[in-house]
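# An overview of the molecular structure
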Amino acid sequence: MSGNGATQAKVLRLDAKDNVLVALTDLRKGENLSYLENEYLLLSDVPAKHKFLTQNVDAGGDIIMYGVLVGTTIESLRRGDLLSTRNIRHAAATFHETETTGPRWTPPNVSAWADKTFLGYHRDDGQVGSRNYWLVLPLVFCENRNLAVLKQAFEEELGFAAPQIYRSQVAELARLYREGRSDELKKAAFGETQRASASPKVFQNIDGIKFLLHEAGCGGTHEDARNLCGLLAGYIHHPNVAGATVLSLGCQHAQVPMLLEEIKRRDPNFKKRVLIYEQQKSPSEAAMMSRAIRETFLAMVEADKTMRQPAPLSKLTLGLQCGGSDGFSGLSANPAIGHVSDIVAALGGIGILSEFPELCGVEQQLIDRCVRKEVADRFAHLMRDYAARAKAVRASFEMNPSPGNIRDGLLTDAMKSAGAAKKGGTSPVTAAVDYPEYCTEPGLNLQCTPGSDVESVSAQVGAGANVILFTTGLGTPTGNPIAPVLKISTNSNLAQRMADIIDIDSGGIITGETCIERMGEAILERVIQVASGEARTKAELLGQDDFIPWKRGVSL
């Protein structure tokens, strides 16, 4: 689906080695299809996004898609048979470390992008942010109530509160009830009008004050406490953050010295303001809160002095994410953002490909793309370690596809993974990092995270992603507190049905109206607008501030 686009075909083969074809539209049993000089008689209905065999395959035979093993047959199947979870099971190719001297790669022509810039917030450490936020976070869930009190006070009084459309609806119902007009409650109609924020915006150069509520910090393993502090340190170090206010109880596992140590790991010369308040050392909760409010406000006065300045596209760090994937994900939106990743890599920026359970079966391809043996070895080690952890709790990567994934054509984890890996484009893999490490190596970085959308996005932002490209075929409203999340739909039906959450429709790739390269370039243009603050994503407009740390251990 590269090139100049074409009229819509009914089916598509993704690799010359494949023994399946993907249905691009609903196909009917008994239909005769002609594709690449071959004729196929369909032995059953084949819904769009699903696959059928191009040859007979005996029981236990291989199913090949994207040129890799994605499953084996449970029973003998015939040419034209529909693949389903009833007749195939997950299977993936093994992988091994190689003596690599670096892959051969022909980067895309980036001459049109070389001199382009975005307007960002330049930090003392050389990073450039797409937003300017003050951050408030707890070291332990015990401080969540205090965080909620601060959130209401700061957001409403500084003009950052979201429009209270649903509050106004409840108020209208309450008014009718108080007036004794209960018979009108079921027929009450609500308009689209939104209330304005509680107050005018006080700080013109601050995009907001964000609060990272979470349920971690104590009761888990030492590894979980260290990982939480590392993740929070990544958010504090992040270029979209001007400074932070930290609330600590005092007795939890995630201690203040641990957080400060993790910050220093990411930047030995760290200079941002970090205000720390420990409740068990304060004379009272009220005294701690009043002090935190006053000092946070004063710090925001200083943060408001930072203004956007031009920055090269090499200062972009893109999180490459998918969620609610479907059978078109690997054909349209994923390769489109993969092309964006290749352009940014060629310009000296960073792309972060995560979700390790969704790289199962394509490990060897990624290993062969690593620039050094050390990178390949670390990626292989991280994959094996993750798989072993899953096995220890009686799980495995093959349990990754969700009911929605399966319903829309992603029948096995390896099939899902082969399409998910397309988000990483074709550029060399320059680094493999564990959770919650920070990404600093230009090029494509592989980051160990779960496949869970919010945990993975939370990790990518904690690793430095200043814009997230999030593809979806089924629709998901996931966002992030400090990094804009651009939603790209894999198909036009979704873009029309859930227009309130989708930023970009890549369905034209499926219909032949556009191609992967053109769509990727259009996405990059939107990234520049969003990174410059000229546009806000749908997730930002909806206030989708999702944040979930990855808990790798057990509760103790």
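Residues numbered from 1 in each chain as written. Predicted model: local features only at pLDDT ≥ 70, side-chain atom pairs only at ≥ 80, totals over all residues. Heavy atoms only, no water.

### Some details on the state of the cysteines
Enumeration according to the criterion identifies 0 disulfides in this entry. Sulfur of C448: no disulfide; nearest cysteine sulfur belongs to C439 and is 12 Å away. Given the relative accessible area of 0%, C448 is considered buried. (Disulfide = S-S within 2.5 Å. Buried < 20%, exposed > 50% of the residue type's maximum accessible area, 1.4 Å probe, protein only.)

### Thoughts on the packing of helix α6 (residues 333-347) against helix α14 (residues 516-531)
Contact geometry of α6 with α14 gives a least axis separation of 8 Å together with a crossing angle of 65 degrees. The two elements α6 and α14 meet at a crossing, and its hand is right-handed. Contacts between α6 and α14 pair P335, A336, I337, H339, V340, I343 and V344 from the former with I516, E517, M519, G520, E521, I523 and L524 from the latter. Of the residues assigned to the contact of α6 with α14, the class counts are 10 nonpolar, 2 polar and 2 charged. (Axes fitted to C-alpha atoms, helices over the stretch in contact; angles between N-to-C directions. Helix = DSSP H or I, 4+ residues; strand = E, 2+ residues; numbered from the N terminus. Left-handed = near helix turned anticlockwise from the far one by under 90°. Contact = heavy atoms within 4.5 Å. Nonpolar A, V, L, I, M, F, W, Y, C, P; charged D, E, K, R; others polar.)

### Focus on the sheet that holds strand β1 (residues 11-12)
Reading across the sheet, the 3 strands line up as β1-β2-β5 and stay open at both edges, with antiparallel pairing between neighbours. A strand with exactly one partner marks an edge of an open sheet, and here the two such strands are β1 and β5 (51-53). In this structure, β1 lies alongside strand β2 (residues 20-23), joined through 2 bridges in antiparallel fashion. Bridge pairing in β2 places V11 opposite A23. (Pairing = 2+ DSSP bridges.)

### Observations regarding α14
Taking 1.5 Å per residue as the helical rise, α14 with its 16 residues ought to reach 22 Å, and the 22 Å between its terminal C-alpha atoms agrees with that figure. One or two positions beyond α14, positive phi appears at G533, with a value near 80 degrees. (Expected span 1.5 Å × (residues − 1).)

### Structural notes on the pairing of strand β4 (residues 38-41)
In this sheet, β4 lies alongside strand β3 (residues 32-35) in antiparallel orientation, the contact comprising 4 bridges. Residue S34 lies in a different strand from β4, and its bridge partner there is E39. Turn length for the β3-β4 hairpin, with the two strands adjacent in sequence and antiparallel, is 2 residues, and the turn residue L36 shows positive phi of about 50 degrees.

### Description of the pairing of strand β11 (residues 133-138)
Counting buried positions over the 6 residues of β11 gives 6, a clear majority of the element. Burial along β11 is two-sided: the residues Y133, L135 and L137 and W134, V136 and P138 are all buried. Note that β11 and strand β12 (residues 208-211) share 4 bridges and pair parallel. For L135, the partnering residue across the bridge sits in β12 and is K210. Two strands pair when backbone bridges link them, and β11 and strand β13 (residues 241-248) are joined in this way by 6 bridges, in the parallel orientation. Bridged to P138 within β13 is L247.

### Quick word on helix α2 (residues 165-178)
For α2, spanning 14 residues, the distance from its first C-alpha to its last is 20 Å, which sits close to the expected 20 Å at 1.5 Å a residue. Among the residues of α2, those classed as buried are I165, S168 and L176. Buried residues in α2, looked at end-on, bunch into an arc of 80 degrees, giving them a common side. When the buried face of α2 is taken as reference, the exposed residues oriented beyond 90 degrees from it are Y166, R167, V170, Y177 and R178. Positive phi appears at G180, one or two residues downstream of α2, with a value of about 75 degrees. (Arc of directions from axis to C-beta.)

### Section: the nonpolar core
Within the largest apolar cluster, 124 residues are counted, with the highest numbers of intra-cluster contacts made by L469 and I523. Setting aside chain neighbours within four positions, we find L469 in contact with L318, G319, L320, Q321, I337, V340, L486, I488, I523 and V527. F203, L275, Y277 and M289 belong to the second largest nonpolar core, which has 21 residues in total. (Core = buried A, V, L, I, M, F, W, Y, C linked by side-chain atoms within 4.5 Å.)

### Some words on the pattern of salt bridges
All told, the structure shown has 32 salt bridges when counted by the stated rule. Among the ionic pairs, E295 bridges to R291, the shortest N-O distance being 3.1 Å. Taken together, the residues E295 and R291, both in helix α5 (residues 285-303) and 4 residues apart, mark about one turn of the helix. On the basis of relative accessible area, R291 is assigned to the partly exposed category, the value being 41%. Of the charged contacts, one joins R407 and D408 as a salt bridge, the two residues approaching to 3.4 Å between their closest N and O atoms. Members of the salt-bridge network, linked through shared partners, are E172, R175, E179, R181 and E184. (Salt bridge = Lys/Arg side-chain N within 4 Å of Asp/Glu carboxyl O.)

### Concerning the environment of L260
Topologically, L260 is positioned in helix α4 (residues 256-266). Along the chain, L260 and V274 lie 14 residues apart, while their C-alpha atoms are 9.5 Å from each other.

### Concerning the sheet that holds strand β8 (residues 88-89)
Here 3 strands make up an open sheet; going across it, the order is β6-β7-β8 and the pairing antiparallel. Lying at the two open borders of the sheet, with one neighbouring strand each, are β6 (62-65) and β8. Packing of helix α10 (residues 413-420) onto the sheet brings it into contact with β6, β7 (68-73) and β8, and relative to β7 it is tilted by some 160 degrees.

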